[in-house]
There are 2 protein chains.
Amino acid sequence: MENFTYWVPTKVYFGKDTHKQVGTVIKEYGFSKIMIHYGGGSVQKTGLLDQVTQSLRDSGIEYVLFGGVRPNPVLSLAKEGMDLCRREKVEFILAVGGGSVIDSAKCIADGVLNPDMDPWKFFTKEAVPEKALPHGNILTLAASGSETSQSCVITNEDGGWKKGFNSPTHRPLFAICNPELTFTVNRFQTGCGTVDIMMHTLERYLGGKGKNTPLTDRIGEDLLKTVMEAGAVADKKPEDYEARASLMWAGSLSHNDLTGLGRAYVMQVHQLEHELSGMFPSVAHGAGLSALFCTWARYVYRWDVPRFAQLAVRVFHVDMDFENPEATALEGIRRLEAFFESLSMPVRLSQLDAGIKKEDGAVLAEKCSQGGTRVLEGIYLLGKKEMEQIYLLAY
Amino acid sequence: MENFTYWVPTKVYFGKDTHKQVGTVIKEYGFSKIMIHYGGGSVQKTGLLDQVTQSLRDSGIEYVLFGGVRPNPVLSLAKEGMDLCRREKVEFILAVGGGSVIDSAKCIADGVLNPDMDPWKFFTKEAVPEKALPHGNILTLAASGSETSQSCVITNEDGGWKKGFNSPTHRPLFAICNPELTFTVNRFQTGCGTVDIMMHTLERYLGGKGKNTPLTDRIGEDLLKTVMEAGAVADKKPEDYEARASLMWAGSLSHNDLTGLGRAYVMQVHQLEHELSGMFPSVAHGAGLSALFCTWARYVYRWDVPRFAQLAVRVFHVDMDFENPEATALEGIRRLEAFFESLSMPVRLSQLDAGIKKEDGAVLAEKCSQGGTRVLEGIYLLGKKEMEQIYLLAY
């Protein structure tokens, strides 16, 4: 087991009707003026925004509204949010939405208290935010885990770059997680969420060489089994509370670091996917991951056959082929692919309805490798050449 | 799944040599004067205390020393600690030790900032500590989980009462967990720790009626399997780093609430054991739990056979007897008992070398039921009569 630091200070309020207490929760922290950050019309259509503002008014908390976040949230909107927060002397940002809204709120929070810094420099790792405005969220989509994670991913339209970075300033003060708020998530987005949740654990589980982490491994395996069961139910019965609840709680645990503790890993597929949806913003993150993952797995598995076989046996109930562990490993990947297909998720880039051409693989690899200067560590080193091969094989 | 709130803000520094950074860690929080709280001579003998004070001096942090905590920590010592903290204007308490030292530190922390309150009233639930001195710890024993939990258990020598209560003020700021510091823990204490860690999950897993918590259940089952494997190794090879590391991390997760989320449960065996070691302070908590648990399990299992059968199949690898699930459930309890015995842990009260007599069961039940006025909920209600039966059957 490698040394690790684990710090997840976010307070989680989980369950039915929990969003109705948001005013009380924020008041306990002593904030009197906040910004509500959200996406398009769905929080208005469902009445959620009204319930939130009612709860805030009941607790005597002033608020300004700032909507407009789209999937693959952009830096330009976040910069507008920073200006608004400064102008309105906002003390706290409440994100109401899924990972895109929460990430946009985190980006704004970092920027507000660092007015002399170009916020993109945090993403290019030229600077580090030492402080940020506090923030919290009401979650409406089980997927990114951003509600308790330290990550934040933003697209800079200037160049089509999509980048993320981790920071303690990204840990929300609280996350209000009511599974009922995800009943209206459509079949495609539910599938994307299921994939994204699985990926956060799969990449930790497969993306490194750490040994002797039996508890971390098992928690990861059980999270995957639970998400596959619940994802299959939610796919057919969108208003099944227990399935939505399992997805939502697994979504938080999958990306709060718990499923990678003691392992050194690199999330290679996330890096490959960020270039994809950075260049083709209509690609949903979960769909991009689904389109790339099994190709990546078949490309790298031979450098850690025991690990892929363990996944196949413990998660996909493949009978171990003791004379041919490679066959077991490959059968696990096949069953994972079949699961994605059962949710109608794409398993090839050409299935993404985004105008991607086969020759775009070279451009994507050029960007992902930063012109051939960056290699991604993991169980097998990915340089520019290997990245391009994966993009091509995945087409 | 029941609604829940989950908040574990303690920052965990886990792994080799982590205790040597304690000065830097405390300095980051801005404290300049602290109290080091510890037990008997072992932290001095092993040189740990010297390493800690050296690290503090290197970071320019002033400290006062306050040792003397024993297993089943007592209120009178904690009160001395409160006086010392006030007199010396201490800003932070660093516990260096196991659960007894950490609990004593938590009790002191609550008391220091509530000088007009009899601190025992927090334990009798006549009062609630609204504030407390901040505290953190360097863990030397994998057992109680107190290093990240919200619980605190103290014995009041005046009447031989042992009581605990949960409070947000009990969450440490940080926990420094170096498994190497547990290499010197002897075989008996290692066994007690293994039992205690298992109990924190077993009581959550078996002690309630919650349904539809697949992820919580599985994490609990994983934790039990991992602790049994690691406990068996540490029993034979006390300096096996990986086994000690698995025990230590499992110890924190087992009592930080993760393994009970979404379930309503009552830790009946902990309540029965607190009376036991309250009245017979030479009984180690883990040994008391071990002596009571399987009798309790055989007393209550028939009110939730499916749950006990699930435990037997998933954790103890019992083949399910579909025609007779009760047999499966009982076989699981038998294997648990055999595991305790393999660690030379007691499985009957008469095996505890503490002068307990069979007729003490009536007195213990009288105390645990508060003169017959308290019943313990769970899968089967325990009143005074049932408690006495369990104490007698466990003799």
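Everything numeric here is computed off the predicted structure, so don't read it as measured data.

Caption draft 1: The arrangement of the relation of the copies chain B and chain A in detail. Relative to chain A, chain B is turned by 180° and slid 0.0 Å along the rotation axis, the superposed coordinates differing by an RMSD of 0.0 Å. Such a turn and shift between the copies fits a two-fold axis. Within chain B, the C-alpha atom positioned nearest to the axis of rotation is that of P9 of chain B, 1.9 Å from it. Interface overlap between copies: 100% of the residues of chain B at the interface are likewise at the interface in chain A, consistent with a symmetric, same-surface contact.

Caption draft 2: Quick look at the packing of helix α7 (residues 187–206) of chain A against helix α12 (residues 305–316) of chain A. Residues and elements named next belong to chain A. The geometry of α7 relative to α12 is characterised by a closest axis approach of 10 Å and an angle of 140° between their N-to-C directions. By the criterion of interaxial angle, the relationship of α7 to α12 is oblique. Residues L202, Y205 and L206 of α7 form the contact with α12, whose own contacting residues are R307, F308, Q310 and L311. Broken down by class, the residue content of the contact of α7 with α12 amounts to five nonpolar, one polar and one charged.

Caption draft 3: View of the sheet that holds strand β8 (residues 174–177) of chain A. Taken in spatial order, the twelve strands make up an open sheet running β3(A)-β2(A)-β4(A)-β5(A)-β8(A)-β1(A)-β1(B)-β8(B)-β5(B)-β4(B)-β2(B)-β3(B), and their pairing is mixed. Strands at the two margins of the open sheet, each flanked by one partner only, are β3 (62–66) of chain A together with β3 (62–66) of chain B. For this sheet, the mean inter-axis angle between neighbouring strands, taken without regard to orientation, is 25°. Contacts from helix α9 (residues 241–254) of chain A reach β1 (4–14), β5 (135–139) and β8 of chain A together with β1 (4–14) of chain B, with the element oriented near 145° to β1 of chain A.

Caption draft 4: Fine view of the pattern of salt bridges. All names here are of chain B. Tallying each qualifying case throughout the model produces 31 salt bridges over all chains. Salt-bridge contacts for E331 lead to R335; the nearest nitrogen and oxygen are separated by 2.8 Å. With E331 and R335 both in helix α13 (residues 325–342) and four residues apart, this pair spans about one turn of that helix.

Caption draft 5: Representation of the interface of chain B and chain A in the model. Across the contact, 35 residues belong to chain B and 35 residues belong to chain A. A buried area of about 3300 Å², summed over both sides, lies between chain B and chain A, and 59% of it is on carbon and sulfur atoms. When the buried area of chain B at its contact with chain A is split by residue, M1, L215 and R218 of chain B rank highest and sum to 20% of it. Measuring nitrogen to oxygen at the nearest pair gives 2.6 Å for the salt bridge that ties E229 of chain B to R218 of chain A. Run the count over chain B and chain A and you get 15 residue pairs in polar contact (both at pLDDT 80 or more). Secondary-structure elements contributing two or more residues to the side of chain B that touches chain A are β1, α8 (214–236) and α9 (241–254) of chain B. Considering each element in turn, the side of chain B that touches chain A owes the most residues, eleven residues, to β1 of chain B. Split by residue class, the side of chain B that touches chain A holds 20 nonpolar, eight polar and seven charged. In the sheet, β1 of chain A pairs with β1 of chain B via seven bridges, with the strands oriented antiparallel. If you follow F14 of chain A over to β1 of chain B, its bridge partner there is F4 of chain B.

So, how was this worked out
- Residues numbered from 1 in each chain as written.
- Chains lettered and ligands numbered in written order.
- Predicted model: local features only at pLDDT ≥ 70, side-chain atom pairs only at ≥ 80, totals over all residues.
- Heavy atoms only, no water.
- Least-squares fit on C-alpha atoms with pLDDT ≥ 70 in both.
- Contact = heavy atoms within 4.5 Å.
- Axes fitted to C-alpha atoms, helices over the stretch in contact; angles between N-to-C directions.
- Helix = DSSP H or I, 4+ residues; strand = E, 2+ residues; numbered from the N terminus.
- Parallel < 35°, antiparallel > 145°, perpendicular 65-115°, else oblique.
- Nonpolar A, V, L, I, M, F, W, Y, C, P; charged D, E, K, R; others polar.
- Pairing = 2+ DSSP bridges.
- Salt bridge = Lys/Arg side-chain N within 4 Å of Asp/Glu carboxyl O.
- Buried area = accessible area lost by both parts, 1.4 Å probe.
- Polar contact = N/O pair within 3.5 Å; in protein donor to acceptor, adjacent residues only side chain to side chain.

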